[in-house]
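# Working through the structure, step by step
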Amino acid sequence: MINVAAVCLFSGLDRELSYEIDDKLLPLVKVGSMVKAPLRNSSVCAIVKRIEKVDEKSLTYRLKKIYALVQPEPVLTPELVGLAEWIKSYYCASMQSVLETMIPSVVRAGKGALEAKEVSFIGGLDAGARKALARRAPQQSKIYEYLAENGEPILESALMKLLKVPAQSVESLAKKGIVKISQKKLMRSAFDDDLGKAEIVRQEPLKLNDEQQKAFGEILADIEKESFCTRLLYGVTGSGKTEVYMQAMKKVLDEGGSCIFLVPEISLTPQTVGRLRSRFNDCGLVLWHSALTDGQRLDAWRALATGRARIVVGARSCIFAPMQNLRLIIVDEEHDGAYKQDKTPRYNGRDVAVMRAKMSAAACVLGSATPSLETLYNAKTGKYGLSEIKRRVDNGKIPVSYIVDMKYEKPGTMLSQMLIDKIADRLDKNEQVILFLNRRGYSKIFECPDCGNVEECPHCAVSLTWHKKEDIVKCHICGYTAKAPKKCRNCGSERAKWKGYGTQRIEDVLQNIFPGARIGRMDRDTMVRRDDYRRVLGNFRAGALDILIGTQMITKGLDFPRVTLVGIIDADISLKMPDFRSAERTYQLIVQVAGRAGRGDQDGEVVIQTKHPEAPPIQYAKRDDLGSFLEEELQNREEYGYPPSVRIVRHIFRSRNQDKLSFYLDKWSKLAKERMEGICTMTDPTPAPLEKSEDFYRWHICYFTPSVTAVVRAVKELKREFEFDEDIDDVIDSDPISMM
């Protein structure tokens with residue numbers, strides 16, 4: 001009998017291969033290990049999926065052998081190996097693309113931990129010998145006396161810098177047996193600055209109110225079952241969901257378990273990490289996000305894989321952290337579209353979290369003040385548990401909301417008189433203001449009144465945005481930039497003008513109206529360097545800024561007690577999107593950004609500027625009436641056949657040749673309708689709302705189905721026999737978040 005491993009190779013070959021495990025590696029190779037194996041005349045990395053004993057006589061060919069480990073620890077836990085299989089089949093991806101998403105590149109490269117020399121004191125000199133050492137080798141004597149007095153081991157580099165001594169002096173003492181030099185593995189902190197310490201809460205748990213206590217008890221019961229269950233924690237903004245999360249995590253940690261805490265974007269991470277660190281500083285908390293250096297990522301990954309760290313907090317990819325004894329997964333702001341990846345594999349971090357909890361027999365908590373309709377539907381139908389917190393902590397009041405109909409303001413007005421007056425009042429009182437506009441740049445459209453031409457990106461079907469500070473126009477899809485035009489490029493008219501506004505222009509307007517105000521801006525144009533998020537948020541919390549203007553990144557869970565006014569400058573942007581989720585997104589954005597107001601002792605107010613004050617999502621958001629909005633929106637979705645009562649698989653096709661794309665899609669559509677009858681209903685092929693992107697024309701087909709996996713399987717089979725032109729590529733998007 002020989003030991004055989006079924007592996008998945010990082011070679012583009014999307015099928016399992018079998019290899020014999022070399023006897024000397026057998027004790028080290030486990031399911032989830034990353035190994036080196038021969039393939040043809042080269043060597044490739046592979047993940048071990050299964051290990052089994054096989055009778056050598058039953059084999060009709062000789063197996064090649066695995067000959068090395070890439071990392072000493074398994075890079076995937078057994079349930080992560082199963083999760084990779086599920087992602088592959090559900091999101092229609094190759095196993096290699098899934099594994100490359102799950103395993104950091106620095107880990108795949110086989111990099112080891114950062115090591116440095118550490119000096120430990122042994123001793124052994126009497127008074128006479130010490131005097132002799134001081135006379136013959138004063139540098140060595142200086143080292144000896146320091147270590148003798150302090151006793152603790154110290155890094156050699158730190159010792160040399162502190163005492164201003166050369167490495168040779170340390171090595172000489174080591175040769176004499178007076179000190180010992182050893183290699184120490186160093187942990188590079190991913191949160192090594194003062195801003196990380198700005199968000200501190202009490203180390204002792206806070207007393208929960210009745211609603212929080214009820215929710216905590218229900219989550220605790222889920223954890224103690226030691227079997228899979230998912231629960232929606234619906235709590236209004238400022239209701240203290242984070243405290244409930246932390247007390248549930250404390251229970252898991254006390255029992256030796258580990259936790260994953262997902263947040264939608266890095267901009268949320270500084271506050272969340274600071275809060276968790278103040279409560280769980282001794283549990284090896286790890287931060288995980290895209291801005292980590294390779295060294296930080298490797299050290300964080302190794303701390304999790306070895307069990308030294310038992311809490312990981314970060315954005316969607318941290319759901320793949322190799323946790324030991326995983327007992328609890330928390331997905332904060334579960335409704336957020338940032339959990340969905342926009343490249344293959346197009347997974348949703350929230351849904352993958354639920355599936356990982358299932359495979360780990362763990363509890364999963366989905367938290368939000370504005371849950372997605374899919375999650376609400378699952379709670380309503382009993383698939384998920386439901387816990388509710390309907391009032392703010394300390395009985396804080398929900399902000400009072402005002403709707404301003406911008407049709408009655410002067411044409412071209414960006415800030416209504418009501419909003420300006422309320423900002424002035426807050427500045428007089430030394431309170432803070434948040435202004436939300438989900439559009440960056442200075443102006444959106446350069447339009448000619450003579451010929452009607454609009455300045456568009458030459459590579460995408462979108463208008464170019466003017467960024468005044470740099471005096472350039474930029475495409476927010478592909479990144480194309482050019483010098484800002486002064487006249488119409490089509491007819492030469494000098495009457496062409498910029499229309500619309502973004503965060504950059506609002507900042508200019510505010511500086512003119514309130515020249516003494518300290519104003520910060522938070523959008524992709526200003527958040528360039530790694531620590532920009534933390535710097536701006538730290539300044540705002542410290543009171544160094546009076547007004548914070550921002551795009552969607554300021555709507556998510558930020559907690560600033562001195563903010564008493566929130567202005568939503570254009571509530572209609574998301575409402576106009578050609579997407580069946582536009583009403584849901586509008587409701588969520590308004591409620592989320594409004595929830596930033598009045599979280600301290602002072603009451604909060606919200607000003608919502610819109611040209612459609614009668615729109616249901618705006619009216620329901622003003623009242624924070626989730627129940628009524630849910631009832632109406634579910635009815636609309638069901639009437640028109642959209643999720644959550646059905647599922648959508650979106651099939652996107654791209655080509656540089658529009659005629660060729662239309663021709664082949666017509667043939668594909670006819671064949672698919674024949675073969676997939678009974679599995680789904682499907683739309684005819686049509687241009688996507690974003691018809692052209694990065695020189696590629698984009699068309700799509702939507703499959704409406706009760707079973708995503710059945711559609712994915714059918715599409716895969718159909719693609720094997722249908723020959724697309726080499727100029728056409730396609731991608732499957734299961735449960736799409738955006739229909740653009």
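What comes next is a walk through the structure. Nothing here was measured: the structure is a model prediction, and the numbers come from that model. (Residues numbered from 1 in each chain as written. Predicted model: local features only at pLDDT ≥ 70, side-chain atom pairs only at ≥ 80, totals over all residues. Heavy atoms only, no water.)

## Some thoughts on the state of the cysteines
Here a disulfide denotes a covalent bond joining the sulfur atom of one cysteine to the sulfur atom of another. For the record, the criterion: Only a pair of cysteine sulfur atoms within 2.5 Å counts as a disulfide in this structure description. To sort residues, take the accessible area from a 1.4 Å probe on protein chains only and compare it with the maximum for the residue type: under 20% means buried, over 50% means exposed, and anything in between is partly exposed.
Applying the stated criterion to the full structure yields 0 disulfides. For Cys-8, which is in no disulfide, the shortest distance to another cysteine sulfur is to Cys-45 and amounts to 12 Å. Assessed through its relative accessible area of 3%, Cys-8 is described here as buried. Counting only cysteine sulfurs, Cys-478 is the nearest neighbor of Cys-457, a cysteine outside any disulfide, at a range of 3.7 Å.

## A word on the pattern of salt bridges
For clarity, the threshold we go by: The working definition used for a salt bridge is a side-chain nitrogen of Lys or Arg within 4 Å of a carboxyl oxygen of Asp or Glu. Labels follow the DSSP assignment, with helices taken as runs of H or I lasting at least four residues and strands as runs of E lasting at least two, numbered in each case from the N terminus.
Taken as a whole, this structure holds 54 salt bridges when the rule is applied. A salt bridge links Glu-85 to Lys-49, with the nearest nitrogen and oxygen atoms 2.2 Å apart. Placement of Glu-85 in helix α1 (residues 78-90) and of Lys-49 in strand β4 (residues 42-54) is noted, with a sequence separation of 36 residues between them. On the basis of relative accessibility, which here comes to 29%, the residue Glu-85 falls in the partly exposed class. Among the salt bridges present, the one from Glu-447 reaches Lys-499, with a minimum N-O distance of 2.8 Å. Of this pair, Glu-447 sits in strand β19 (residues 445-447) while Lys-499 sits in strand β23 (residues 497-499), placing them 52 residues apart in sequence. The class of Lys-499 is partly exposed, set by a relative accessible area of 45%. Linked through salt bridges whose partners overlap, the residues forming this network are Lys-422, Asp-425, Arg-426, Lys-429, Glu-431 and Glu-605.

## Some thoughts on the sheet that holds strand β25 (residues 547-550)
Basically, it comes down to this: Between any two strands, at least two bridges found by DSSP are needed for them to pair. All axes here are fitted lines through C-alpha atoms, helices being fitted over the stretch that makes contact, and every angle between N-to-C directions spans 0 to 180 degrees.
Pairing within the open sheet is parallel, and its 6 strands lie in the order β17-β27-β26-β18-β25-β24. Looking at which strands have only one partner, the edges of the open sheet turn out to be β17 (400-405) and β24 (519-522). Taking each pair of neighbouring strands and ignoring which way they run, the sheet shows an average axis angle of 15 degrees. Where β17 meets strand β27 (residues 605-610), 6 bridges bridge the pair, whose relative direction is parallel.

## Here's the deal with helix α11 (residues 294-305)
Stated formally: For a helix, the expected span equals 1.5 Å multiplied by the number of residues minus one.
The terminal C-alpha atoms of α11 lie 16 Å apart, and with 12 residues this matches the ideal 16 Å at 1.5 Å per residue to within 8%. Burial analysis of α11 places 11 of its 12 residues in the buried class, which makes it a mostly covered element. If you check which residues of α11 are buried, you get Gly-295, Gln-296, Arg-297, Leu-298, Asp-299, Ala-300, Trp-301, Arg-302, Ala-303, Leu-304 and Ala-305. A positive backbone phi angle near 85 degrees is found at Gly-307, which sits one or two residues after α11.

## Here's the deal with the sheet that holds strand β2 (residues 16-21)
Taken together, the 6 strands give an open sheet; going across it, the order is β5-β2-β1-β4-β3-β6, and neighbouring strands pair in mixed fashion. One side of each edge strand has no neighbouring strand; the edge strands of this open sheet are β5 (65-66) and β6 (68-69). Judged from the 2 bridges that link them, strand β3 (residues 34-39) and β6 form a sheet pairing that is antiparallel. Its bridge partner being in β6, Lys-36 is matched across the sheet by Ala-68.

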